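Each chain, written out:
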Amino acid sequence: MADVLRVAYSQRMGAQGEVVLRPLLSLSLTLDGIAIEATGLLDTGADINVLPYRAGLALGADWKKQPLLATLSGNLAQYEARGVLLSGIIGTFEAVSLVFAWTRAEQVPLILGQVNLFQEFDICFFRAEGVFEVRPKRSHL
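Within any chain, residue numbers begin from 1 and follow the written order of that chain's sequence. Selection of residues for local features in this predicted model requires a pLDDT of at least 70, selection of side-chain atom pairs for listing and counting requires 80 or more, and totals for whole chains, interfaces and linings are taken over all residues. Working from all heavy atoms in the structure, the side-chain values ignore hydrogens and water.

Engineer: Mind showing me how you'd approach the layout of surface pockets here?
Structural biologist: To find leftover empty space, one rolls a probe the size of a water molecule over the atoms. The pocket and cavity definitions rest on a 1 Å grid over protein atoms only: a 1.4 Å probe that fits but cannot leave marks a cavity, an open set with protein on both sides within 12 Å along at least five of seven lines marks a pocket, and residues lining either have an atom within 4 Å of a point. Grid points are joined across faces, edges and corners, and a volume is the space filled by probe spheres set on the points. By volume, the largest pocket is sized at about 240 Å³. Taken together, 15 residues line the largest pocket, and the ones lying closest to its centre are Asp47, Ile48, Val50, Leu72 and Ser73. Any residue outside Ala, Val, Leu, Ile, Met, Phe, Trp, Tyr, Cys, Pro, Asp, Glu, Lys and Arg is labelled polar, Gly included; the first ten of those are nonpolar and the last four are charged. For the lining of the largest pocket, the per-class residue count stands at nine nonpolar, four polar and two charged.

Engineer: Help me understand the pattern of salt bridges, please; the structure alone is not making it clear to me.
Structural biologist: Close approach of charged atoms lets side chains of opposite charge pair. We count a salt bridge whenever a side-chain nitrogen from Lys or Arg sits within 4 Å of a carboxyl oxygen from Asp or Glu. Inspection of every chain in the model, using the stated rule, returns four salt bridges. Among the ionic pairs, Glu133 bridges to Arg6, the shortest N-O distance being 2.6 Å. Pair noted here: Glu133 is in strand 11 (residues 131–136) and Arg6 is in strand 1 (residues 5–8), with a separation of 127 residues, a long-range link. In this scheme, a residue with accessible area under 20% of its type's maximum is buried, one over 50% is exposed, and one in between is partly exposed, where area comes from a 1.4 Å probe on protein chains only. The exposure class assigned to Arg6 is partly exposed, which follows from its relative accessible area of 46%. Measuring nitrogen to oxygen at the nearest pair gives 3.9 Å for the salt bridge that ties Glu120 to Lys137. Note that Glu120 is positioned in helix 2 (residues 117–120) and Lys137 in the segment after strand 11, a separation of 17 residues in sequence. What counts as a helix is a DSSP run of H or I of at least four residues, what counts as a strand is a run of E of at least two, and both are numbered from the N terminus.

Engineer: I'm lost on the pairing of strand 10 (residues 121–126) in this one. Help?
Structural biologist: Remember that side chains alternate between the two faces of the sheet whenever the strand is regular. One ladder, built from six bridges, connects strand 10 with strand 11; its direction is antiparallel. Bridge pairing in strand 11 links Phe125 to Phe132. A pair of strands is labelled paired if DSSP reports no fewer than 2 bridges between them. In sequence, strand 10 turns back onto strand 11 through a hairpin of four residues, with Gly130 there showing a positive phi of about 75°.

Listed below in structure tokens is the structure:
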């Protein structure tokens, strides 16, 4: 098992038709034996991981059975959010528990933020090179 996953930034079209690079990370998410493949935006400014409504439904989550969270901020502040605990696998790394704010917003991407992706993995951005690296957190001795 490699201890570092090196990933190229993904090219996307910007609002003005320009090419922009985004740090998108592929991962597998699982809830109660149901798994989906997903791509999340690494967002160092996001306080919490955000799960789009359609992704939660694809995992078989029941909106009414998830605990209500305090409201999200920014452009998601108008939407109710529920907490959901998923298992996540990135590359060949071991599965980790990932906490998400599951939102009813339809147009939000899957966002990977401080709580708790950045608590489980060290991520180094090399934007000038167009790559980022992901490594599992190291155990504290």
